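Given next are the chains, with one letter for each unit.
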Amino acid sequence: MKFNSQRIIPLPSAIALTMAFSPLALASSDGVVEYSGSGSITQGVAKTIESNIFECANGRSRVAGIGEITDAEGNVWTVPAKNNYATGPKAVDLYEGCANITPKSLADVDQDSVPVVVIDPDGEEVTGYIFADNYFELYINGTLVAVDTVPFTPFNSNIVKFKVSKPYTIAIKAIDWEENLGLGSENNRGKKYHAGDGGFIASFSDGTVTNADWKAQTFYTSPVYDLSCLKEEDGRRLSETCTTEGTDEGQDAYAIHWQTPDNWMAEDFDASSWPQATLYSEDDIGVNNKKAYMNFIEKFSGAGASFIWSTNVVIDNEVLLRYEVK
Ligand SMILES: [Ca+2]
Ligand SMILES: [Ca+2]
Ligand SMILES: [Ca+2]
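Counting from 1, residues in each chain are numbered in the order their sequence is written. Whichever chain is written first is A, and whichever ligand is written first is 1; the rest continue in order. Side-chain atom pairs in this predicted model are given and counted only at pLDDT of 80 or more, local residue features only at pLDDT of at least 70, and totals for whole chains, interfaces and linings cover all residues.

Judged by nonpolar contacts, the single largest core of 80 residues is most densely connected at Phe200 and Leu321. In this text, helices come from DSSP runs of H or I with a minimum length of four residues, and strands from runs of E with a minimum of two, each type numbered from the N-terminal end. Ranked by residues supplied to this core, first place goes to strand S13 (residues 168-175) with six residues. We call two residues in contact whenever the C-beta atoms placed from their backbones are within 7 Å. Look past the residues within four positions of Phe200 in its chain and what remains in contact with it is Ala132, Phe136, Ile172, Ala174, Thr210, Phe307, Ile308, Trp309 and Leu321. In this description, a nonpolar core means buried residues of the types Ala, Val, Leu, Ile, Met, Phe, Trp, Tyr and Cys, linked to one another by C-beta atoms lying within 7 Å. Exposure criterion: with C-beta atoms placed from backbone coordinates, a residue whose C-beta has 20 or more other C-beta atoms within 10 Å is buried, one with 12 or fewer is exposed, and one in between is partly exposed.

Okay, the sheet that holds strand S5 (residues 66-70) next. What makes two strands pair is DSSP finding at least two bridges between them. The three strands are arranged S4-S5-S6 in an open sheet whose pairing can be described as antiparallel. Among the strands making up the open sheet, the edge pair consists of strand S4 (47-50) and strand S6 (76-79). Averaged over all adjacent pairs, the angle separating strand axes in this sheet is 35°, with direction ignored. Here S5 pairs with S6 via four bridges, running antiparallel. Bridging across to S6, Gly67 finds its partner in Val79. Lines fitted to C-alpha atoms define the axes, with helix axes restricted to the stretch in contact, and inter-axis angles between N-to-C directions lie between 0 and 180 degrees.

Sheet strands line up and pair through hydrogen bonds in the backbone, either parallel or antiparallel. Pairing is antiparallel across the open sheet formed by seven strands, whose spatial order is S3-S20-S17-S23-S13-S10-S11. A strand with exactly one partner marks an edge of an open sheet, and here the two such strands are strand S3 (40-43) and strand S11 (143-147). Strand-to-strand, the axes of this sheet are offset by a mean angle of 20°, without reference to chain direction. Bridge count between strand S10 (residues 135-140) and S11: four bridges; the pairing is antiparallel. Bridge pairing in S11 places Glu137 opposite Val147.

Attention shifts here to the pairing of strand S16 (residues 200-204). For a regular strand, side chains alternate in direction, first toward one face of the sheet and then toward the other. Counting buried positions over the five residues of S16 gives five, a clear majority of the element. Where strand S9 (residues 124-132) and S16 come together, five bridges link them in antiparallel fashion. By the bridge assignment for S16, Ala132 is matched with Phe200.

Most of strand S12 (residues 157-164) sits out of view: seven of its eight residues are buried. Of the strand pairs in this sheet, strand S7 (residues 92-95) and S12 are connected by three bridges, and their pairing is antiparallel. Looking across to S12, one finds that Asp93 is bridged to Asn158. Inspection of the sheet shows strand S8 (residues 116-118) paired to S12 by three bridges, in the parallel sense. Of the residues in S12, the one forming a bridge with Val116 is Lys161. Strand direction decides the pairing type here: S9 and S12, joined by eight bridges, are antiparallel. Within the sheet, the bridge partner assigned to Phe131 lies in S12 and is Ser157.

Another aspect to go through is the environment of Leu183. Summarising the element assignment, Leu183 is placed in the loop between S13 and strand S14 (186-188). Residue classification places Leu183 among the buried residues on the basis of 27 C-beta atoms within 10 Å. In this structure the C-alpha to C-alpha distance between Leu183 and Ala255, which are 72 residues apart in sequence, comes to 6.7 Å. Beyond its immediate stretch of four places on either side in the chain, Leu183 contacts Val45, Glu178, Tyr193, Ser222, Pro223, Gly250, Gln251 and Ala253.

Structure representation (structure tokens):
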């Protein structure tokens with residue numbers, strides 16, 4: 001992690017100044033932006049590495065690409081985030097329109113056929129019900145148990161089973177996917193650069209639910225059009241005054257990246273410095289018209305679970321969640 005002040009030059013100015021002045025003059029010229037936070041800044045669109053990792057066999061989906069973008073110090077960042085979609089164990093679908101899996105309720109789901117991932121052979125069997133906007137990876141005691149089957153859209157939901165002894169640790173990588181790689185946005189609501197929102201909710205048969213007792217830290221924030229809206233307090237990476245308005249001119253947006261700790265999912269990782277999760281309502285996330293959620297609502301809000309995310313559900317796009325089940 002780095003705490004050095006960074007000097008960020010907006011792209012149009014950088015091009016103009018490079019032509020007229022030496023690099024040293026860049027640092028002291030008008031248009032240079034100071035950023036003294038703990039993240040690393042990139043600006044503009046990422047290079048596409050994977051054009052689309054998901055094909056919807058039945059219906060429509062947003063293009064789910066993966067990109068890379070380099071910051072001023074030469075560090076390469078994967079956007080929207082590094083993930084295990086290609087190789088990770090896929091969760092069983094509760095509802096997945098692209099695969100024609102569209103049960104009207106839990107009664108139409110063959111839960112007995114869901115395979116059990118064994119963490120502890122003498123542990124308790126736990127069933128989990130998960131809905132992510134847009135993508136999740138689930139670790140139990142550091143073992144990758146399941147990854148979401150649909151990285152971006154359409155909205156889907158999943159069921160998982162694992163056998164584990166208490167206490168145990170749930171660690172989740174949640175990604176709010178993006179169409180405009182590196183820019184944290186998608187073509188939506190009549191704007192070419194609309195910042196979509198995230199959100200994660202789950203309940204487990206041992207009574208565990210997502211709530212404010214979970215930890216949530218952001219590792220990728222975008223779009224940001226004015227770096228002065230960013231703040232950090234007590235480990236919290238805040239952006240509450242940053243605009244979330246869509247625009248047709250979002251191509252020069254900034255993104256802030258933080259390195260995820262190698263062992264963030266491990267049972268013994270110390271997340272005590274991470275902020276508590278922020279709660280969001282069903283209206284905030286906009287799930288009232290999503291069958292992948294509503295058809296199983298008794299396992300989500302009906303089970304006492306809440307939507308959680310970091311402090312900014314719109315522009316925080318990679319969020320790591322952790323919870324210890326006692
Ligand atoms: Ca998904
Ligand atoms: Ca989203
Ligand atoms: Ca977003």
